[in-house]
2 protein chains.
Amino acid sequence: MAHTLDKLDRKILHYISQNARTPFLEIARECNVSGAAIHQRVQKLVNQGVIRNSEFVIDQYKVGYQTCAYIGIVLKNNIEFQAVVDHIKEIPEIVECHYTTGKYAMFIKMYAKDNRHLLRLILDKISTIPGVANTETFQLSLEEIFRRQLSTFGVDEEK
Amino acid sequence: MAHTLDKLDRKILHYISQNARTPFLEIARECNVSGAAIHQRVQKLVNQGVIRNSEFVIDQYKVGYQTCAYIGIVLKNNIEFQAVVDHIKEIPEIVECHYTTGKYAMFIKMYAKDNRHLLRLILDKISTIPGVANTETFQLSLEEIFRRQLSTFGVDEEK
DNA sequence: CATGAAAAAGATCCAGG
DNA sequence: CCTGGATCTTTTTCATG
């Protein structure tokens, strides 16, 4: 299940997970291997699915989305999750969707332009999905304290 | 505050937010402009802070982190947030940290290798931070339903 | 699996409109 | 703010150890 990553793999992940445009040759120099080696390793990691994709991270606040919230969703009894997920997926403002154990059936992360927009999305788009019993909103303050990627890639597995 | 993005800016953001290694020349072809134009636009977006950074997205499950949780944190009265944040930042398994309004003072996202590790992190690392009154954990199921970036960049602002 | 060298593709710079 | 072209950098391929 968990892939075995050696030191070089982890070093590569460390660099490219912080900056997807780091030149492979630069990583190669840091690691004292050839550029081709980095290229082959990255290729392998992509094939193994360890690397999912790459993306430029956009500052949502600067493109007009001033509000963000986590929302816990409680479902009615005997509801088929997948049907609800299908509806969730149709709402572009929702950027993450997870199943949870405990209090809520699902947990989502959603952006909105402002508080009014947030309320409209919850009342008009989410609460009206068949099967949704109720929701609880945890509104995040405008200031995101930090956001980063996990950087302790499989430390302790092998050497 | 919110930057005005025209159609071309949005198209560029659309492509590079899905794949940070999309060649600019390819985007240029799609948009019927020169490669230099894309280059200049991206530069501008970076300078404006609309583009924050780029990253390769790692599959945490494949590198040994089987568990993920959102955790709401309640603080004791009269606690200085920053001191708590400083402690939070020291825990590498925590990948997001936000202030929240309402029930909790803060909301974090944290990865762990397994349930035992998760519990250890909560009890030994988080609960012991001076000022933390209590925490509530929403454990996410192993299967992340989806995760994507917001793709409706400032739609409706200008043309 | 790594290497170095060669070929192909892309990024960056710049003068000009 | 765009363009085309020159130039420099990076990626990718491949034969070899």
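In what follows, the accompanying structure is described. Just so you know, these numbers come straight off a predicted model, no measurement behind them.

## Some thoughts on the packing of aromatic side chains
Taken as a whole and judged by the stated rule, the model has 18 aromatic pairs over all chains. Plain terms: the ring middles of A:F138 and B:Y104 are 5.4 Å apart, the flat faces sit at 35° to each other, and that makes the pair tilted. Here A:F138 is found in strand β5 (residues 132-147), whereas its partner B:Y104 is found in the loop between β3 (94-100) and β4 (106-112) on a different chain. Each member of the pair A:F138 and B:Y104 is classed as buried.

## Some remarks on the pairing of strand β1 (residues 51-58) of chain B
Counting buried residues along β1(B), six of its eight residues qualify, which places the element largely inside the surrounding structure. Alignment of strand β1 (residues 51-58) of chain A against β1(B), held across seven bridges, turns out to be antiparallel. Across the sheet, residue A:N53 finds its bridge partner in β1(B), namely B:V57.

## Considering the sheet that holds β4(B)
Reading around the circumference, β2(A)-β4(A)-β3(A)-β5(B)-β2(B)-β4(B)-β3(B)-β5(A) is the order of the eight strands in this closed barrel, with antiparallel pairing throughout. Within the sheet, the average angular offset between the axes of one strand and its neighbour, ignoring direction, is 35°. Alignment of strand β2 (residues 67-75) of chain A against strand β4 (residues 106-112) of chain A, held across seven bridges, turns out to be antiparallel. In the strand pairing of β4(A), A:A69 is matched with A:M110. Across the face of the sheet, helix α4 (residues 81-89) of chain A comes into contact with β2, β3 (94-100), β4 and β5 of chain A together with β5 (132-147) of chain B while running at roughly 165° to β3(A). Sheet contacts for helix α4 (residues 81-89) of chain B: β5 of chain A together with β2 (67-75), β3, β4 and β5 of chain B; angle to β3(B), the most-contacted strand, approximately 165°.

## Some remarks on the environment of A:V50
Structurally, the position occupied by A:V50 is in the loop between α3 (35-48) and β1. Residue class for A:V50 comes out buried when judged on its relative accessible area of 0%. When the C-alpha atoms of A:V50 and A:L5 are compared, they prove to be 9.8 Å apart, with 45 residues separating the residues in sequence. In this structure A:V50 touches A:H3, A:L13, A:L45, B:V57, B:I58, B:D59, B:K62 and B:V63, once residues within four positions along its chain are discounted.

## As for the interface of chain A and chain B
Counting residues at the interface gives 72 residues for chain A, matched by 72 residues for chain B. Note that B:K109 is salt-bridged to A:E96, the shortest N-O span being 3.1 Å. Scanning the region where chain A abuts chain B turns up 45 residue pairs in polar contact (both at pLDDT 80 or more). Sorting the residues of the side of chain A that touches chain B by element identifies α1 (7-18), β1, α4, β3, β4 and β5 of chain A as the ones contributing at least two each. Per element, the largest residue contribution to the side of chain A that touches chain B is 10 residues, and it comes from β5(A). In terms of residue class, the side of chain A that touches chain B is built from 34 nonpolar, 20 polar and 18 charged. With four bridges joining them, β5(A) and β3(B) adopt antiparallel strand pairing.

How each quantity is defined
- Residues numbered from 1 in each chain as written.
- Chains lettered and ligands numbered in written order.
- Predicted model: local features only at pLDDT ≥ 70, side-chain atom pairs only at ≥ 80, totals over all residues.
- Heavy atoms only, no water.
- Phe/Tyr/Trp six-rings, centres within 6.5 Å; stacked < 30°, edge-to-face > 60°.
- Helix = DSSP H or I, 4+ residues; strand = E, 2+ residues; numbered from the N terminus.
- Buried < 20%, exposed > 50% of the residue type's maximum accessible area, 1.4 Å probe, protein only.
- Pairing = 2+ DSSP bridges.
- Axes fitted to C-alpha atoms, helices over the stretch in contact; angles between N-to-C directions.
- Contact = heavy atoms within 4.5 Å.
- Salt bridge = Lys/Arg side-chain N within 4 Å of Asp/Glu carboxyl O.
- Polar contact = N/O pair within 3.5 Å; in protein donor to acceptor, adjacent residues only side chain to side chain.
- Nonpolar A, V, L, I, M, F, W, Y, C, P; charged D, E, K, R; others polar.

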